[in-house]
Each structure stands twice: as structure tokens, then as C-alpha cells.
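Structural overview for review
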Amino acid sequence: MLGGASAQANPFYGPPAEAAMPAPPAPAAKAVPAPLVALQLRFRESLAEAFGRAADTDDAGAQARSRAALAVLGIAFVYGLAHAAGPGHRKTVVFSLFLGAKAKAWEPSAAGFLSALTHTASGGLVIGVLSLLRGAVAGLTSAETALAWADGGSLVVLALIAAALIVNKLRHFGHAHDHGPSGDGKGRYAVVFLTSLVPCTGSIMVMLFAIYLGSPLLGVAALLFIALGQGLVVSAAAYLAWFGRERFFHAIKRRERAVAAVSGGLELASYALILAFSLYTAWPFLAFLKELVIG
Amino acid sequence: MRKAIIALALAAATIAPVSAHPHVFIDLSLSFEFDGERCLGFWQEWSFDPVFSAQIRYDFALPDAGPLSRAQQDELYEGAFINLRRYGFYTLLRRGDKRTSPKAVTRFGAELRGDRVVYRFYLPLDESYSGGFNVAIFDTTYYSAIRYVGEPRFTQAREGGAAPRFAVQADRRFPVYYNPQAGAQDMTTYTKPGPGILTVYPDEIAVRF
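Here goes a summary of the coordinates provided. Treat the numbers as computed from the prediction; the structure is a model and nothing was measured.

Conventions used here
Residues numbered from 1 in each chain as written. Chains lettered and ligands numbered in written order. Predicted model: local features only at pLDDT ≥ 70, side-chain atom pairs only at ≥ 80, totals over all residues. Heavy atoms only, no water. Helix = DSSP H or I, 4+ residues; strand = E, 2+ residues; numbered from the N terminus. Buried < 20%, exposed > 50% of the residue type's maximum accessible area, 1.4 Å probe, protein only. Areas by Shrake-Rupley, 256 points an atom, 1.4 Å probe, with all protein chains shown as cover. Pairing = 2+ DSSP bridges. Axes fitted to C-alpha atoms, helices over the stretch in contact; angles between N-to-C directions. Polar contact = N/O pair within 3.5 Å; in protein donor to acceptor, adjacent residues only side chain to side chain. Contact = heavy atoms within 4.5 Å. Parallel < 35°, antiparallel > 145°, perpendicular 65-115°, else oblique. Left-handed = near helix turned anticlockwise from the far one by under 90°. Nonpolar A, V, L, I, M, F, W, Y, C, P; charged D, E, K, R; others polar. Phe/Tyr/Trp six-rings, centres within 6.5 Å; stacked < 30°, edge-to-face > 60°. Salt bridge = Lys/Arg side-chain N within 4 Å of Asp/Glu carboxyl O. Core = buried A, V, L, I, M, F, W, Y, C linked by side-chain atoms within 4.5 Å.

Take the overall build of chain B next. Along its length, chain B carries 3 helices and 13 strands. The buried share of chain B, reckoned over its 209 residues, is 48%. Of the roughly 9,900 Å² of accessible surface on chain B, 53% is carried by carbon and sulfur atoms.

Residues and elements named next belong to chain B. The antiparallel open sheet is built from 5 strands, whose spatial order is E4-E3-E7-E13-E10. Looking at strand neighbours, the two that pair on one side only are strand E4 (98-100) and strand E10 (165-169), the edges of this open sheet. Geometrically, the sheet is characterised by an average inter-axis angle of 25° between neighbouring strands, direction not taken into account.

So, on to the side chain of B:Asp49. With respect to the secondary-structure elements, B:Asp49 resides in the loop between strand E2 (38-48) and helix H2 (50-59). Taking relative accessible area as the criterion, B:Asp49 reaches 1% and is therefore assigned buried. In terms of polar contacts, B:Asp49 uses its side chain to reach the side chain of A:Arg44, at 3.1 Å. Within the local environment of B:Asp49, its side chain forms a polar contact with the backbone nitrogen of B:Phe52, the two atoms lying 3.0 Å apart. With residues near it in sequence (within four places) discarded, B:Asp49 still touches A:Leu41, A:Arg44, B:His23, B:Val24, B:Phe25 and B:Arg116.

This paragraph deals with the packing of helix H1 (residues 34-55) of chain A against helix H2 (residues 62-85) of chain A. Residue and element names in this part refer to chain A. Two elements in contact, H1 and H2, have axes whose closest approach is 7 Å; the angle formed by their N-to-C orientations is 155°. The angle between H1 and H2 places the two elements in the roughly antiparallel class. Crossing of H1 against H2: the hand is left-handed. Contacts between H1 and H2 pair Phe43, Ser46, Leu47, Ala50, Phe51, Arg53 and Ala54 from the former with Arg65, Ala68, Ala69, Ala71, Val72, Ile75 and Tyr79 from the latter. Within the contact of H1 with H2, the residues separate by chemical class into 11 nonpolar, 1 polar and 2 charged.

All names here are of chain B. A full pass over the atoms with the stated rule returns 32 aromatic pairs over all chains. Ring centres of Trp43 and Tyr122 lie 5.1 Å apart, and the angle between their planes is 55°; this geometry places the pair in the tilted category. Here the residue Trp43 occupies a position in strand E2, and Tyr122 occupies one in strand E6 (residues 116-124), the gap between them amounting to 79 residues. Summarising the burial analysis for this pair, Trp43 and Tyr122 share the class buried. Between the aromatic rings of Phe108 and Tyr119, the centroid separation amounts to 4.9 Å while the plane-to-plane angle is 70°, which identifies the pairing as edge-to-face. With a gap of 11 residues between them, Phe108 in strand E5 (residues 106-113) and Tyr119 in strand E6 connect regions that are remote in the sequence. Looking at Tyr119, the relative accessible area reads 0%, which means it is buried.

Okay, the pattern of salt bridges next. Side chains that differ in sign of charge can pair as their charged atoms come close. All told, the structure shown has 12 salt bridges over all chains when counted by the stated rule. Of the charged contacts in the structure, one is a salt bridge between B:Asp49 and A:Arg44, with a shortest N-O distance of 3.1 Å. Of this pair, B:Asp49 sits in the loop between E2 and H2 while A:Arg44 sits in helix H1, which puts the two residues in different chains. Under the relative-accessibility criterion, A:Arg44 is labelled buried at 6%. The partner of B:Arg94 in a salt bridge is B:Glu204, and the shortest N-O contact between them spans 2.8 Å. Taken together, the positions of B:Arg94 in strand E3 (residues 91-95) and B:Glu204 in strand E13 (residues 204-208) put the pair 110 residues apart, joining distant regions of the chain. Like B:Arg94, the residue B:Glu204 is buried in the burial classification. Through salt bridges with shared partners, a single network forms among B:Glu45, B:Glu111, B:Arg113 and B:Arg120.

Take the side chain of B:Ser47 next. Mapped onto the elements, B:Ser47 comes out in strand E2. Contact partners of B:Ser47, with chain neighbours within four places excluded, come to B:Phe25, B:Ile26, B:Asp27, B:Arg116, B:Val117 and B:Val118.

Bringing the packing of H1(A) against helix H7 (residues 201-212) of chain A into the picture now. All names here are of chain A. Interhelical geometry of H1 versus H7 gives an angle of 30° and a closest axis separation of 11 Å. If you check the angle between H1 and H7, you find them roughly parallel. The element H1 and its partner H7 pack so that their crossing is right-handed. Along its contact with H1, which presents Phe43, Arg44, Leu47, Ala48 and Phe51, the element H7 presents Met205, Val206, Phe209 and Ala210. Residues belonging to the contact of H1 with H7 are distributed by class as follows: 8 nonpolar, no polar and 1 charged.

Counting residues in hydrophobic clusters, the biggest one holds 41 residues, and the most contacted among them are B:Trp46, B:Phe48, B:Leu76, B:Tyr119 and B:Phe133. Where this core is concerned, the elements lending two or more residues are strand E1 (24-35), E2, H2, helix H3 (70-80), E5, E6, strand E7 (133-137) and E13 of chain B. Looking at this core, the element that brings in the most residues is E1(B), giving 6 residues. The next biggest cluster of nonpolar side chains, apart from the first, holds 28 residues, and it includes A:Val94, A:Leu158, A:Val234 and A:Leu268.

These values are about where atoms sit, not about what they do.
Laid out in C-alpha cells, this is it:
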């Protein structure tokens, strides 16, 4: 709905001032199942009520406000869980990375929480930076335009990284004992970090709401709890791949050549999956860039 | 190898296009005005969720409570309402299989109700709607999630005039087609599916006499 040229314009407010500049298209708007919409609304109402009580200086006193603040954090945590369980949030990326590469037992959780923290913090950062640039609280419109750029940009980066990993893997494919991934170690975390820079829409909403009510610090605390909830879900996706890989290779460990072949094949397949996912999702953004450059 | 296939299938299952979540939630109530068997028009009342309400309050420096002045309502009309004409005010009118959206509405008003901002406006209808019609209030861009609250109400100006009947249902014979990538300026009404065009069956209120 950030319509065409003005990508993510708030339909109520009309094309924003920055709409004069081209903005990338928003992710395609598709029907959200009614129960999910109801859940989102329930979350929003609960959060608003708790935020309101926490920010209400006329309320029963400090104790009541503290309880309300705790409620905000609890709701934020649950929201993080629910929000990350939906589409996106780079679960595919971490899943593919841990499917394709050998890793230590703690690494899936490290990658999951790194992804969630980066994703959530980006949302708060977008609001902060845009607010400073504009001298006022950044509205949803500006934040979403930034989000559209970040989303498209990070997907293109992800596609390039996946392509590079595929080329690298193909160059070394068939080497004996090549169980190690071409993109493991620091490279894995770089991929997770870069591709999680897309600001979280939920975090943007929470941070904006906190600022509207004059409670920015509580907003930042809520973002941390959203990240905690999201981190659990993304880590679970990573562990799903990690356990699957470990069990699979445990089952065929006596057949060394098969292990090498399957390991290499899996790794290649996971990078191909990331590449396909990135290109598919980034396609509208690439079409926008083409139109912007070529006309 | 079966496990590897399962693992890859799971990976594929995690791929899904990022959905645009609703950013605004609207509780909607409708009130129809009749003169005999002619429907003169209907009021729409939109109660926004507390987050979007807070944004409107902040952006338009509205008071915490109390009535809004005419000037404040006019500012809301210009700044946070009238652009919806590009979206047909989310209103889909249907007579038979012909569907239209209004280009204008009248008698806009706004008020604060607790932590909610509430809009109210009127859509006049011409005589061609006298035979009964269907109406859906639905945002095909999914920026706003709209839910009907309560039963439709009505007023009857003519003494002894017939009471209308209302029924809420999604009629799968009359889908709405839309382009999820369409821009704000794109008011194309799609009458059939095509590449990139999606189909939806919004809940309609059937108004009969």
C-alpha cells in the first residue's frame, strides 16, 4: 500500500513529502488469516492499555505503574514469539545455514538471538534516526519507506552472498573431507547480521507508540523483550536444521565417502535455497530498481 | 537420503513471502437511512485501534479528551481522511454483478472516545439503489483490517415504511480482484483474474426490502 511510486504511503495521510522521491514497493499485500488479525489486534489493545497505565501519571501510584510496565514487557515477549512465528524473520536463512554447515551446539541459539536482536534494534534505530533527521517523531510512513529499502537491499546482499558461496563451494566440490562449510565461522554470523538489518515492523510500531505516550525508555525495554521472544523462535528454526543434520550424519557416519558427498550436496542445496528465496522475495525490489535506473 | 529430503522440504516450508501486516485496525458500524423503500444513504463510523489513534492524536496535536473543534475536525479531514478517496473510502457497493466505489462522501466528523479516535461520515445513494444492494467495507491493500461491530442499524423517515433486512455474508459468486503491487494512484477496477492479480471474497452486507 505504500503505493506504487510512493511505496509505503499511509493511505490516511496521503502521499508523504518524501513521496516525491521514488521508494521501493512494499512486500505484496496478501490476506492475513482472520484469527491472526484478531490476535494482532488483541496484542495491540493489550499493549496500548498496559502502556497507557504505565505512562499515566494520574494513576494509583508508582506500584501500579511498575506493574503496568512489567505487563508491557510480558506482552512484548509474547508478541516477539508470535511475530517471529509468522512468515519472514530470516528463519529460512538460519535454517539453511545450519542445514548446510557443521556447527557447535551453541551456535544455532547464538545466530538466532543475533538475528532477532539485529532485526528488532533496527526498528528502534530507524525511528531514532528518522526522528533526528526530521526533528520530530518519525511517522510510520517514513519508517516503512526505510523498511522497504532495507528489506530489498538486504535481500540483494543475501542473494549475492549465496551466489558467492555457491561459486566457492563448486570450486572445491568433490574434495575429500570437505565437510566444513564454505560460509561457516564469522562468515555465518556476518550473513545473519546483514540479512537481519531489516527493521522489524512490530518494533517500529511499539517504539512509535512509546514515543507518542512519552515513554521512550519503556519502549526500548519492550524492544529487548520482543527480541528475546523472536530469538527463541529463530533459534528453534536453526536447531531444527542443526539436529536434522547431526542425526542424519550420525546415521551414515561409517560411510565416509557418502558423508562427504551428501554433506557437500546439502550445503550446496542450502545455499541454492537461500539464493532462490532471496531472488524470489527481492523480485519486486529489483524491478523497481530497474525502472528507477532505466526508466 | 529420506531425512535429507525431509530437511530440505522443511527448509522450503519456511519460505513464505513476507506478508504486509495490517497497520491499522478499524471497528466499523453502519447505519442506513430510508425513506419508504428508498435507501437515502448510510453512515459509517470508524473507531481506530489505540495505536493508530495515538498516532493521530500526536500528529495532529489533539487533546487527551473532550470534544474536537470544527477546525480540528477539518484538519483531520484534510490531513488524515480525504486521501482515502484514492481507495474508494474502502467502500465496495454492488448491485447485481456490478461493483463500484464512491468518489466522495459527506458530513465528515471526528471525535475522541476514550483512547480511540472515531470518524463518522455519510455516503448518499441515488435512486438506483432502491431495489436493494450489497455493501462491503474492505481494504484490498490490507493496510487496514476492518471488522463489523454489531448489527447494521437503520432509520425510517416514512411512517409505516417497511423495515429493511440485512444479512452479512461472503458471496463467492462475486469476488473482488486486486493487484497487491498497485500504487496509491492506481484506481483500476479489475473484473477478472490475471497475472499478479489476487482474488478475495469480502464479507458483504446485503440490504433488502
